[in-house]
Amino acid sequence: MSSEAKKNPKHFQLNPNWVQLQQKLKSSAKPSRHSNNLQSETPNSILGKRKERPNSDPDDAKPNPLIPTNDDSSVTDVVAMDCEMVGVGQGNKSALGRVTLVNKWRNVIYDEFVRPVERVVDFRTHISGIRPRDLKKAKDFRVVQKKVAELIKGRILVGHALHNDLKALLLTHPKKDLRDTSEYQPFLKEGRRKALRHLAAEVLGVEIQNGEHCPVDDARAAMLLYTKSRKEWEKSVKDQLRLQEKQKKRKHRKKLMSDIN
């Protein structure tokens, strides 16, 4: 045996038992490295998902404040109105193309496209959002005018630059019942009026009028601006009316005294 081993030493080095042992050692070492990699990767993937979760659905963290607080669409003591205009005549004359009213909970109570008396030459779609197809089955101006007059009568009317909307509707409204967000003193900047979209962004933290205007969103924004300041706003209106009444009485007394003399 010793002579055979010396003649063929390679046979002794390739002992099957030794080869089998080496294979077992290698196979047992590989899973440990794989499992370590899995363990190191798993926490990173889980942590990564946790970090991405807040950014995956930003709407949950910041709800739209213009959304109505309930589904009550009744006509309330306060209504907000917004109108969109189209161009008639030579195109530089404005006419009513759509009017929207919402109640104090910001639910729509009236929203109609309007067919102007004069022929429309400019739909002003990039701002008004009104297209030719919208006016094909639109209601007649007189019908809409009458309905709006009924809805706002005896109620506080809220809006932005309401004189433009009322002018387009050929309507008037008592000044004491107007709540114009473009004229409310705390909303002014150094005595100058701000655009509704700027007020919405600064006071409400919401973006509107990015591109085509939506009268529903605009009316809701005006209503929310009013309701947030309603207590102070109504107090200022009462104080102003009280002051005007005193001035009126003072002028009346002066007139009486001058007539007696």
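Up top is the structure these notes are about.
Attention in this report is confined to the structure presented alongside it. Computed from a predicted model, the values in this text were never measured in an experiment.

Glycine aside, residues mostly have negative phi angles, and peptide bonds mostly take the trans form. Notably, Arg 124 is not glycine yet its phi reads approximately 50°, a positive angle. Tracing the sequence through the fold places Arg 124 in the loop between strand S4 (120-122) and helix H5 (125-128). Residue class for Arg 124 comes out buried when judged on its relative accessible area of 18%. In this model, Gln 209 sits at a positive phi of 60°, which is unusual for a non-glycine residue.

Side chains that are nonpolar tend, in soluble globular proteins, to be buried together. The biggest cluster of nonpolar side chains holds 23 residues, and the ones touching the most others in it are Leu 66, Val 158, Leu 204 and Tyr 226. Among the elements of the structure, strand S1 (78-88), strand S6 (156-159), helix H9 (196-204), helix H10 (215-228) and helix H11 (230-260) are those that each provide at least two residues to this core. Tallying contributions element by element places H10 first for this core, with seven residues. Beyond its immediate chain neighbours, meaning those up to four positions away, Val 158 contacts Val 78, Val 79, Ala 80, Met 81, Arg 179, Ala 222, Met 223 and Tyr 226. Core analysis: the next-biggest nonpolar cluster, separate from the first, contains 21 residues, Val 79, Met 85, Leu 96 and Leu 157 among them.

Empty space among the atoms becomes apparent when a probe as large as a water molecule is rolled across them. Its volume calculated, the largest pocket comes out at about 550 Å³. Looking at the largest pocket, it is lined by 18 residues, and the ones nearest its centre are Lys 175, Leu 178, Glu 183, Val 237 and Gln 240. Those elements that place two or more of their residues in the lining of the largest pocket are helix H8 (162-169), strand S7 (178-180) and H11. Here the element with the most residues in the lining of the largest pocket is H11; it accounts for six residues.

With that settled, the discussion passes to the packing of aromatic side chains. Under the counting rule described, the total for this entry stands at four aromatic pairs. Look at Tyr 184 and Trp 233: their rings are 4.0 Å apart centre to centre, the planes differ by 10°, and that puts the pair in the stacked class. A residue pair is termed long-range when its members are at least 10 positions apart, and Tyr 184 in the loop between S7 and H9 and Trp 233 in helix H11 qualify at 49 residues. In this structure, Tyr 184 and Trp 233 share a single accessibility class: buried. For the ring pair Phe 187 and Trp 233, a centre distance of 6.1 Å and an interplane angle of 90° mean the geometry is edge-to-face. Of the two residues, Phe 187 is situated in the loop between S7 and H9 and Trp 233 in helix H11; the sequence distance between them amounts to 46 residues. Across the pair, exposure class does not vary: Phe 187 and Trp 233 are buried alike.

Two measures define how a pair of helices packs: the angle their axes make with one another and the distance between the axes. Following both chains from N to C, one finds H10 and H11 inclined at 75°, their axes separated by 5 Å at the closest point. On the basis of their axis angle, the class for H10 and H11 is roughly perpendicular. Between H10, through Tyr 226, Thr 227 and Lys 228, and H11, the contact on the second element is made entirely by Arg 230, Glu 232, Trp 233 and Glu 234. Its residues assigned to classes, the contact of H10 with H11 shows two nonpolar, one polar and four charged.

All right, on to a positive patch on the surface then. Taken together, Lys 246, Lys 249, Arg 250, Lys 251, Arg 253 and Lys 254 make up a surface patch of like positive charges. Tracing the backbone through its elements, the reader meets Lys 246 in helix H11.

All right, on to the packing of H9 against H10 then. One can describe the packing of H9 onto H10 by two numbers: an axis separation of 10 Å at closest approach and a directional angle of 50°. Compared by their axis directions, H9 and H10 come out oblique. Judged by the twist between their axes, the crossing of H9 over H10 is left-handed. Between H9 and H10, the residues in contact are Leu 196, Leu 199, Val 203 and Leu 204 and Asp 218, Ala 221, Ala 222, Leu 224, Leu 225 and Lys 228, respectively.

This part is about the pattern of salt bridges. Opposite charge on two side chains lets them pair, provided their charged atoms get close. This structure, assessed with the given rule, holds 11 salt bridges. Put simply, Glu 234 and Arg 179 hold a salt bridge, and the shortest N to O gap is 2.8 Å. In this pair, Glu 234 is assigned in helix H11 and Arg 179 in strand S7, connecting sequence segments 55 residues apart. When its relative accessible area of 17% is taken as the criterion, Glu 234 is described as buried. Classification of Arg 179 by relative accessible area gives buried; the value is 3%. Of the charged contacts, one joins Asp 239 and Lys 235 as a salt bridge, the two residues approaching to 3.1 Å between their closest N and O atoms.

Thresholds applied
- Residues numbered from 1 in each chain as written.
- Predicted model: local features only at pLDDT ≥ 70, side-chain atom pairs only at ≥ 80, totals over all residues.
- Heavy atoms only, no water.
- Helix = DSSP H or I, 4+ residues; strand = E, 2+ residues; numbered from the N terminus.
- Buried < 20%, exposed > 50% of the residue type's maximum accessible area, 1.4 Å probe, protein only.
- Core = buried A, V, L, I, M, F, W, Y, C linked by side-chain atoms within 4.5 Å.
- Contact = heavy atoms within 4.5 Å.
- 1 Å grid on protein atoms, 1.4 Å probe; cavity = no way out; pocket = protein on both sides within 12 Å on 5 of 7 lines; lining within 4 Å.
- Points joined across faces, edges and corners; volume = space filled by probe spheres on them.
- Phe/Tyr/Trp six-rings, centres within 6.5 Å; stacked < 30°, edge-to-face > 60°.
- Axes fitted to C-alpha atoms, helices over the stretch in contact; angles between N-to-C directions.
- Parallel < 35°, antiparallel > 145°, perpendicular 65-115°, else oblique.
- Nonpolar A, V, L, I, M, F, W, Y, C, P; charged D, E, K, R; others polar.
- Patch = residues over 30% accessible without salt bridge, like charges linked within 9 Å, V, L, I, M, F, W, Y side chains within 5 Å.
- Areas by Shrake-Rupley, 256 points an atom, 1.4 Å probe, with all protein chains shown as cover.
- Salt bridge = Lys/Arg side-chain N within 4 Å of Asp/Glu carboxyl O.
- Lys, Arg positive; Asp, Glu negative; His and termini not counted.
- Charge placed at Lys NZ, Arg CZ, Asp CG, Glu CD.
- Left-handed = near helix turned anticlockwise from the far one by under 90°.

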